[in-house]
Amino acid sequence: MKPDNPLLKILACPLDKGPLILDEIRGALYNPRLRRRYPIVDGIPQLLPSSGEPAVEQQHDALPAELPDSGSS
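Residues numbered from 1 in each chain as written. Predicted model: local features only at pLDDT ≥ 70, side-chain atom pairs only at ≥ 80, totals over all residues. Heavy atoms only, no water.

Details of the overall build of the protein chain
The secondary structure content of the protein chain amounts to one helix and five strands. Starting at the N terminus, the α and β elements of the protein chain follow one another as β-β-β-β-β-α. In the protein chain, buried positions account for 33% of the 73 residues. A separation threshold of at least 6 residues defines the contact pool for the protein chain, and within that pool the share at least 24 residues apart is 27%. Within the structure as shown, the protein chain displays about 4900 Å² of accessible surface, and the carbon and sulfur contribution to it stands at 55%. (Helix = DSSP H or I, 4+ residues; strand = E, 2+ residues; numbered from the N terminus. Buried < 20%, exposed > 50% of the residue type's maximum accessible area, 1.4 Å probe, protein only. Contact = heavy atoms within 4.5 Å. Areas by Shrake-Rupley, 256 points an atom, 1.4 Å probe, with all protein chains shown as cover.)

Here it is, written out as structure tokens:
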């Protein structure tokens, strides 16, 4: 999945329904509010609540705490 993929704008965390951040290094989508990471397998995000795994502190600190500005206000 690429950072400019339009699908990223509509994907949401299955637990809190909030937006996700693409973690290209680990091949996952990340929820900074819950500190949960959802894997991307063969280009398909695994967005079941049971697929999410907690991000360890070092991984959380390495990612942005907020979503980048989408440019729409």
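On we go.
Considering the side chain of Asn31
Tracing the chain through its elements places Asn31 in strand E2 (residues 28-31). A distance of 3.2 Å separates polar atoms of two side chains, one belonging to Asn31 and the other to Asp16. In this structure, Asn31 is in contact with Cys13, Asp16, Leu20 and Arg36, ignoring residues within four places of it in sequence. (Polar contact = N/O pair within 3.5 Å; in protein donor to acceptor, adjacent residues only side chain to side chain.)

Considerations on the environment of Asp42
Here Asp42 is to be found in the loop between strand E3 (36-41) and strand E4 (44-45). Assessed through its relative accessible area of 77%, Asp42 is described here as exposed. Sequence separation of Asp42 and Gly27 is 15 residues, and the distance between their C-alpha atoms is 9.6 Å.

Keep in mind these numbers describe shape, not what the thing actually does.
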